[in-house]
Amino acid sequence: MRLESARSLKEELWFNLHRTAMGRSEVLAQALSADGSAMPPPGVALGIVPGRKRDDFRLAIRLQILSHEARSYAAYVTGKAADEADVSFIGRVQAPPARAASSRYRKRIRPLAPGFSLGHVGVTAGTLGGFVVDAKGRPGILSNNHVLAANNAGKKGDAILQAGPMDGGTYPVDEVARLERFIRLRRHGNTADAAFALLSAGVEARPLYRKRRLTDVMPVEEIQSSLAVWKLGRTTGHTRGTVTAIEVDQVTVDYSGTLHTFDGQLEVAGGTRPFSQGGDSGALVVGGANRGVGLLFAGSEAGGPLGIGVSYANPLQTVLDLLGLELHEAG
């Protein structure tokens, strides 16, 4: 089906499912929320993937649990899509704490550079995604809320360390920035896990991504499945992958036992190994011609073409718009 048709069908399933399912399927009726809203059962996400031909798209159905309700819902959606659906079990999606790694991106580095270990003074470690400027022209760092703001617990002015605390960073010696603002995480309807920290006085930054500068940010509407991408992350370093689904809604992410759902996300699968692991959160996802595509924040250990997991990223343009930021020295 055409992209517009796939989007329309996804929207119909999102907002009008109760009108077609009520009375037709007891399982589906029970899966709807008590207030009658057209939400799918927990653990099912819907997105869009490329079809078998050029300019052909299919619905992406991502199962995070294998309950009877989830399977029934997936079967129902597949029927509505006239079998033009891509169904995959991805299991639990997490924003996990940093794991031990031998990557060189764990070390302390000056001037600061993208991809290296970073974190709020009260977390383990994540990744310095990139350098940005706010509306006042002030330079700073872009990463996740859970990296720079400790899952909503951070306050404006909190110290940001490079390397992150897990990698040996200590306060005040390794303070490189102060938390300025973040997008607060909610239980439902999130579009970004992101935060901005102002560089501390005297701290130099080098906005080079593998010796290259980012040229610009790819508009959300231009991001399509099958886009080749790469990233630099604290744990797995430089990895390559492919955007396997776009506009993914209702992705349930586990933050150390607290669940949050996200809409409008990008799904990325690694080429020969996982695209990301714990500690890579906050990395920028970069596409062709060195264009910024996304801000990585979570991943699974199942799903994807190789069955080794998928990663999820917020569209970078969405993040920058919400935080009122621009890329620093792009071009």
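As a reminder, the structure under discussion sits directly above these lines.
Residues numbered from 1 in each chain as written. Predicted model: local features only at pLDDT ≥ 70, side-chain atom pairs only at ≥ 80, totals over all residues. Heavy atoms only, no water.

Undergrad: Explain the side chain of Thr239 to me, please; I cannot follow it from the model alone.
TA: Along the chain, Thr239 falls in strand E14 (residues 237-249). Owing to a relative accessible area of 2%, Thr239 belongs among the buried residues under this scheme. Among the polar contacts made by the side chain of Thr239, one reaches the side chain of Lys231 at a distance of 2.8 Å. Those residues in contact with Thr239, other than ones at most four positions away along the chain, are Val229, Trp230, Lys231, Arg273, Pro274 and Phe275. (Helix = DSSP H or I, 4+ residues; strand = E, 2+ residues; numbered from the N terminus. Buried < 20%, exposed > 50% of the residue type's maximum accessible area, 1.4 Å probe, protein only. Polar contact = N/O pair within 3.5 Å; in protein donor to acceptor, adjacent residues only side chain to side chain. Contact = heavy atoms within 4.5 Å.)

Undergrad: Looking at this model, I keep getting lost on the nonpolar core. Mind explaining?
TA: Taken as a class, soluble globular proteins show a tendency for nonpolar side chains to be buried jointly. In this structure, Leu13, Ile61, Val77, Val229 and Val293 are the most contacted members of the largest nonpolar core, which totals 33 residues. Residue assignment for this core shows that the elements contributing at least two residues are helix H1 (3-21), strand E1 (44-50), strand E2 (57-63), helix H3 (68-80), E14, strand E17 (265-270) and strand E19 (291-299). Excluding its chain neighbours within four sequence positions, the residues that come into contact with Val77 are Leu13, Leu46, Leu59 and Ile61. Phe116, Ala192, Leu284 and Leu323 belong to the second largest nonpolar core, which has 25 residues in total. (Core = buried A, V, L, I, M, F, W, Y, C linked by side-chain atoms within 4.5 Å.)

Undergrad: Looking at this structure, I do not really get the pattern of salt bridges. What am I missing?
TA: This model, assessed by the stated rule, comprises 18 salt bridges. Among the ionic pairs, Arg108 bridges to Asp174, the shortest N-O distance being 2.7 Å. Linking Arg108 in the loop between strand E4 (93-94) and strand E5 (117-120) with Asp174 in the loop between strand E9 (159-161) and strand E10 (175-182), this pair joins segments that are 66 residues apart in sequence. One salt-bridge network, held together by shared partners, links Asp134, Arg138, Lys156 and Glu180. (Salt bridge = Lys/Arg side-chain N within 4 Å of Asp/Glu carboxyl O.)

Undergrad: Whenever I open this one, the environment of Pro111 confuses me. Can you help?
TA: Examined against the element boundaries, Pro111 turns out to sit in the loop between E4 and E5. In this structure the C-alpha to C-alpha distance between Pro111 and Glu204, which are 93 residues apart in sequence, comes to 5.0 Å. Those residues in contact with Pro111, other than ones at most four positions away along the chain, are Glu204, Ala205 and Arg206.

Undergrad: Before we go on, may I ask you to explain a positive patch on the surface in this structure?
TA: Where like charges cluster on the molecular surface, the positive patch consists of Arg104, Lys107, Arg210, Arg212 and Arg240. Secondary-structure assignment places Lys107 in the loop between E4 and E5. (Patch = residues over 30% accessible without salt bridge, like charges linked within 9 Å, V, L, I, M, F, W, Y side chains within 5 Å. Areas by Shrake-Rupley, 256 points an atom, 1.4 Å probe, with all protein chains shown as cover. Lys, Arg positive; Asp, Glu negative; His and termini not counted. Charge placed at Lys NZ, Arg CZ, Asp CG, Glu CD.)

Undergrad: What am I meant to see in helix H5 (residues 316-323) here?
TA: Every α-helix winds through 3.6 residues per turn, so residues three or four apart in the chain are directed the same way. Of all the residues in H5, the buried ones are Leu316, Val319, Leu320 and Leu323. Down the axis of H5, the smallest arc covering the buried residues is 95 degrees, so these residues share one side. Just downstream of H5, Gly324 is the residue with a positive phi angle, here 70 degrees. (Arc of directions from axis to C-beta.)

Undergrad: What exactly am I supposed to notice about the sheet that holds strand E6 (residues 126-127) here?
TA: Through backbone hydrogen bonds, the strands of a sheet pair up, either in parallel or in antiparallel fashion. Taken together, 8 strands build an open sheet; the order of strands is E6-E5-E9-E10-E11-E8-E7-E21 and the sheet is antiparallel. Two strands in the sheet have a free side with no partner beyond their single neighbour: E6 and strand E21 (325-327). Sheet strands in contact with H5 are strand E7 (130-134), strand E8 (139-143), E10, strand E11 (195-199) and E21, and its direction is about 130 degrees off that of E8. (Pairing = 2+ DSSP bridges. Axes fitted to C-alpha atoms, helices over the stretch in contact; angles between N-to-C directions.)

Undergrad: Explain the environment of Ser256 here, please?
TA: Residue position: Ser256 is located in the loop between strand E15 (251-255) and strand E16 (258-262). Here Ser256 falls in the exposed class, since its relative accessible area comes to 66%. Each C-alpha atom of the pair Ser256 and Ala74 lies 27 Å from the other, and the pair is 182 residues apart in sequence.

Undergrad: I would appreciate a short explanation of the pairing of strand E20 (residues 311-315) in the present structure.
TA: The two faces of the sheet receive side chains in turn, since in a regular strand these alternate between them. Counting buried residues along E20, 5 of its 5 residues qualify, which places the element largely inside the surrounding structure. Direction of pairing for E17 relative to E20: antiparallel, over a ladder of 3 bridges. Bridge pairing in E20 links Glu267 to Tyr312. Across 5 bridges, the pairing between E19 and E20 is antiparallel. Residue pairing across strands places Gly294 opposite Pro315, the latter belonging to E20.

Function-wise, these values are silent; they only describe arrangement.
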